[in-house]
Each structure stands twice: as C-alpha cells, then as structure tokens.
Amino acid sequence: MTEPALRVRPARPADVRAIRDLVEPYASERILLAKEWVGYYEAVQEFVVAEAAAPAGTAPGEPAAVVGCGALHVMWQDLAEIRTLAVDRSWRGRGVGHALLDALVERARDLGLRRLFCLTFEVDFFAAHGFHVIDGTPVTPDVYAELLRSHDDGVAEFLDLARVKPNTLGNTRMLVELD
C-alpha cells in the first residue's frame, strides 16, 4: 500500500480547528503550550500545515486531511522561533515533521533570518536538522533589553525568564544557524 501524497502549504483561517485538534493532545500532556482560539487565529499567518491527499477510492472532492502543523514566529531581525510543531499521532514516523520543519526553515531563509530557536522535548529530531543545545541567551545586551518588552511567552522562553519556568520544565533550548 502506498502512502498518500503529502503537501505542505501556508495555513488558512479555515485550518485553525484542525491545528487546534492536532495541538490539543500534546498540550494536555504538557508537551506543547495550549492556546486560546483567538491565539490561533491571530497567528494563523505564522503556520504551515501538512495535508495528506484523500486515499484512492474516496469520494470525489473529499478534502485532504491536515496531519501536521508548525509555525515560524519572528522574534528579531535575524531570529525566529519554530513553535507548535505537531503531527497527528497516526502519522508520526512518516516524514511529516521533517517536511514541516523543512518548509519552516525555507520560510525563514526567504525572510532573511539567520538563526532559528526552538524549545523542545524532541532533541534528536531537531539535532538531525542541525539544531544544537544552547545555554544562556545568544543575543547582545541591547537586543535582550528590547526582547524583554515582548508579551509573547515564546520570547520569554527564549530569554529563559523565570515567569515561564513552569511551562518549560524538561524542555531543551536549541538553536540553528542558517547558511
């Protein structure tokens, strides 16, 4: 049996329900941060989704199933965070996460970004894509001071601020430098 075709594309507001459904099981296990509905809609332009074409024999016009999602959140001139990378559990191990991460890295390159940050339990997965574990915050003091003004939890996680420590227990902070 052949795998259904997989396509990664920018997310649309109509995908928000599927994105939330993908994230919710991971959020309930405290692997990903839960968001309010409005948070997903406000950030939809940051997301890409992976969709699997309907299998052969499915009724014509049957929509493709969203089987994964991920977001790229710009934090500074040269820096962004890969966040909310989630794959339907039945699709894990089939290349969906790799396809999503590759698309997000390409988007970062298109934006002229040089560094990508992630906070993850999946250290081996991100290491396979060139990410390495970091200590401290790899920005200049003036950029650090500017980032402190952000209300975004992901930025606070990047800065390793005490207020987000309960959300980040067990996670690893990683960074990749793009070519």
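Preceding this section is the structure that the text describes.
Only a predicted model underlies this, so the values are computations on that prediction, with no experimental measurement involved.

> Looking at this structure, I do not really get unusual backbone geometry. What am I missing?
With a phi close to 60 degrees, Arg30 is a non-glycine residue in the positive phi region. Mapped onto the fold, Arg30 is located in the loop between helix 1 (16–28) and helix 2 (37–42). Residue Thr84 is not a glycine yet carries a positive backbone phi of 55 degrees. Looking at where Thr84 falls in the secondary structure, it is placed in strand 4 (residues 79–87). Residue classification places Thr84 among the buried positions, given a relative accessible area of 10%.

> When you look at the side chain of Arg9 in this model, what are you seeing that I'm missing?
Within the secondary structure, Arg9 sits in strand 1 (residues 6–10). Within polar-contact distance, the side chain of Arg9 engages the side chain of Asp15 at 2.8 Å. What Arg9 contacts, discounting residues up to four positions off in sequence, is Asp15, Val48, Val49, Glu51 and Val66.

> Sorry if this is basic, but what is going on with the pattern of salt bridges here?
Pairs may arise between side chains of opposite charge once their charged atoms sit close together. Tallying each qualifying case throughout the model produces 11 salt bridges. Here Glu81 makes a salt bridge to Arg83, at a shortest N to O gap of 2.8 Å. The buried category is assigned to Glu81, whose relative accessible area is 3%. Judged by relative accessible area, which is 12%, Arg83 ranks as buried. Each of Arg7, Arg9, Asp15 and Glu51 takes part in salt bridges that share partners, so that together they form one network.

> Sorry, what's going on with helix 1 here?
Residues separated by three or four positions in an α-helix point in the same direction, a consequence of the helix having 3.6 residues per turn. The first and last C-alpha atoms of helix 1 sit 18 Å apart over 13 residues, in line with the 18 Å expected at 1.5 Å per residue. Considering bend angle alone, the principal kink of helix 1 is centred on Leu22 and spans about 25 degrees; proline Pro25 follows within four residues of it. Once helix 1 finishes, Arg30 follows within two positions and takes phi at roughly 60 degrees, a positive value.

> Could you clarify how one ought to interpret the sheet that holds strand 2 (residues 47–52) in this entry?
Two orientations exist for strands paired in a sheet by backbone hydrogen bonds: parallel and antiparallel. The seven strands are arranged 1-2-3-4-5-7-6 in an open sheet whose pairing can be described as mixed. Each end of this open sheet is capped by a strand with a single partner; those strands are strand 1 and strand 6 (132–133). As paired strands, strand 4 and strand 5 (residues 115–120) are joined by three bridges and run parallel to one another. Its bridge partner lying in strand 5, Leu79 is registered against Arg115. The sheet strands contacting helix 1 are strand 2, strand 3 (65–76) and strand 4, and the helix crosses strand 3 at an angle near 85 degrees. Its contacts with the sheet put helix 3 (residues 96–110) on strand 1, strand 2, strand 3, strand 4 and strand 5, and the angle it makes with strand 3 is roughly 30 degrees.

> Help me understand the pairing of strand 3, please; the structure alone is not making it clear to me.
The two faces of a sheet get side chains in turn, since along a regular strand they alternate between them. The buried fraction of strand 3 is high, at nine of 12 residues. Two strands pair when backbone bridges link them, and strand 2 and strand 3 are joined in this way by six bridges, in the antiparallel orientation. Bridging from a neighbouring strand, Ala52 pairs with Ala65 of strand 3. Bridge count between strand 3 and strand 4: seven bridges; the pairing is antiparallel. Paired with Leu72 across the two strands is Ile82, which belongs to strand 4. Where strand 3 folds back on strand 4, the antiparallel hairpin that results is connected by two residues.

Procedures and definitions
- Residues numbered from 1 in each chain as written.
- Predicted model: local features only at pLDDT ≥ 70, side-chain atom pairs only at ≥ 80, totals over all residues.
- Heavy atoms only, no water.
- Helix = DSSP H or I, 4+ residues; strand = E, 2+ residues; numbered from the N terminus.
- Buried < 20%, exposed > 50% of the residue type's maximum accessible area, 1.4 Å probe, protein only.
- Polar contact = N/O pair within 3.5 Å; in protein donor to acceptor, adjacent residues only side chain to side chain.
- Contact = heavy atoms within 4.5 Å.
- Salt bridge = Lys/Arg side-chain N within 4 Å of Asp/Glu carboxyl O.
- Expected span 1.5 Å × (residues − 1).
- Bend = angle between axes of the 7 residues up to and from the residue.
- Pairing = 2+ DSSP bridges.
- Axes fitted to C-alpha atoms, helices over the stretch in contact; angles between N-to-C directions.

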